[in-house]
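Take a look at the letters that make up each chain.
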Amino acid sequence: MNPETPLPSPSRRVSPWWRALAITLLLALLLGWATATSMVTQLQAQITHLQKRLIQVPQIRQVAVLLDAQGQPAMLATFNPQERALTLQRLNDVKEGREDSMQVWAIAGDAPPRSIGVIESKYKTLQLPVDEAALQGVTELGISAENKGGVPAGSGPSLPWLFKGWLVVKSI
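As the structure is a prediction and not an experimental result, all values here were calculated from the model.

(A) Structural context of the overall build of the protein chain. Scanning the protein chain from terminus to terminus reveals one helix and eight strands. Order of helices (α) and strands (β) in the protein chain, N terminus to C terminus: α-β-β-β-β-β-β-β-β. Overall, the C-alpha framework of the protein chain stretches about 130 × 30 × 30 Å when taken along its three principal axes. With 172 residues in all, the protein chain has 27% of them scored as buried. Taking the contacts inside the protein chain whose residues are at least 6 apart along the sequence as the reference set, 60% of them involve residues at least 24 apart. With an accessible surface of roughly 12500 Å², the protein chain has 62% of that area assigned to carbon and sulfur atoms. Across the protein chain, the 16 positively charged side chains and the 13 negatively charged ones have centroids separated by 15 Å.

Take a look at the structure:
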């Protein structure tokens, strides 16, 4: 070898295999980024949808199972403050007569019962409009059979209780 002859220099070109690997990794990285972005967007949409549904779900705050004279469940009462309604569900077949009405009463300790409303439907489930303030301090609900249309305002029940039960405040 002659000292004056230059050594062959290594090629500065990049192997096609390395280029293909770099392009493949770049495409995989872009695909991963697009997938992650799509999943985050979908997750945010699901959270928004579930939050809207949660607002629409009834938030029952108070529950009462009214019992008949034999101690059997006769009526289920639930209060939903969002709808400002007391939902009553009949659990037995007792219905008022043609000249009778069933009247719902709020009982708060030793205070005289206050009328919440008259049941005017013979369906199994019905709602009475009730303001949340009308149930403040109430410990029991009662239902009496009264003359058609119920008793006059300010009067208590004129007949004995058909159904009666404790009003339970549910923790949310």
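(B) Spatial organisation of the nonpolar core. Counting 22 residues, the largest nonpolar core has Leu86, Leu88, Val104, Ile116, Ile119, Leu141 and Ile143 as its most contacted members. Of all the secondary structure elements, the ones that give two or more residues to this core are strand S1 (62-67), strand S2 (73-80), strand S3 (85-90), strand S4 (100-107), strand S5 (114-119), strand S6 (125-129), strand S7 (140-147) and strand S8 (161-169).

(C) Layout of the pairing of S7. For S7, the tally of buried residues reaches six of eight residues, placing the bulk of the element in the interior. Sheet analysis places S4 next to S7, joined by eight bridges and oriented antiparallel. Across the sheet, Asp100 pairs through a bridge with Asn147, a residue of S7. Pairing between S7 and S8: five bridges, direction antiparallel. Pairing of Ile143 across the sheet is with Phe163, part of S8.

(D) Expanded view of the sheet that holds S4. The antiparallel open sheet is built from eight strands, whose spatial order is S5-S4-S7-S8-S1-S2-S3-S6. Two strands in the sheet have a free side with no partner beyond their single neighbour: S5 and S6. Pairs of neighbouring strands in the sheet enclose a mean axial angle of 25°, with direction left out of account.

(E) Molecular detail of the environment of Ser115. Relative to the assigned elements, Ser115 resides in strand S5. Sequence separation between Ser115 and Gln82 is 33 residues, and the spatial gap between their C-alpha atoms is 21 Å. Apart from the residues within four sequence positions on either side, Ser115 is in contact with Gln103, Val104 and Trp105. At a separation of 2.7 Å, a polar atom in the side chain of Ser115 contacts the side chain of Gln103.

(F) Spatial organisation of a nonpolar patch on the surface. Taken together, the side chains of Ile23, Leu26, Leu27, Leu29 and Leu30 define a hydrophobic patch exposed on the protein surface, amounting to about 530 Å² of accessible area. Tracing the backbone through its elements, the reader meets Leu27 in helix H1 (residues 16-56).

(G) The pairing of S8, seen in detail. Across four bridges, S1 lies against S8 in antiparallel orientation. By the bridge assignment for S8, Ala64 is matched with Leu167.

(H) Representation of the environment of Gly150 in the model. For Gly150, the position within the fold is in the loop between S7 and S8. Linking Gly150 and Val104, residues 46 residues apart in sequence, is a C-alpha distance of 9.4 Å. With near-sequence residues (within four places) excluded, Gly150 lies in contact with Ser101, Gln103 and Val118.

Cut-off values and rules
- Residues numbered from 1 in each chain as written.
- Predicted model: local features only at pLDDT ≥ 70, side-chain atom pairs only at ≥ 80, totals over all residues.
- Heavy atoms only, no water.
- Helix = DSSP H or I, 4+ residues; strand = E, 2+ residues; numbered from the N terminus.
- Buried < 20%, exposed > 50% of the residue type's maximum accessible area, 1.4 Å probe, protein only.
- Contact = heavy atoms within 4.5 Å.
- Areas by Shrake-Rupley, 256 points an atom, 1.4 Å probe, with all protein chains shown as cover.
- Lys, Arg positive; Asp, Glu negative; His and termini not counted.
- Charge placed at Lys NZ, Arg CZ, Asp CG, Glu CD.
- Core = buried A, V, L, I, M, F, W, Y, C linked by side-chain atoms within 4.5 Å.
- Pairing = 2+ DSSP bridges.
- Axes fitted to C-alpha atoms, helices over the stretch in contact; angles between N-to-C directions.
- Polar contact = N/O pair within 3.5 Å; in protein donor to acceptor, adjacent residues only side chain to side chain.
- Patch = residues over 30% accessible without salt bridge, like charges linked within 9 Å, V, L, I, M, F, W, Y side chains within 5 Å.
- Salt bridge = Lys/Arg side-chain N within 4 Å of Asp/Glu carboxyl O.

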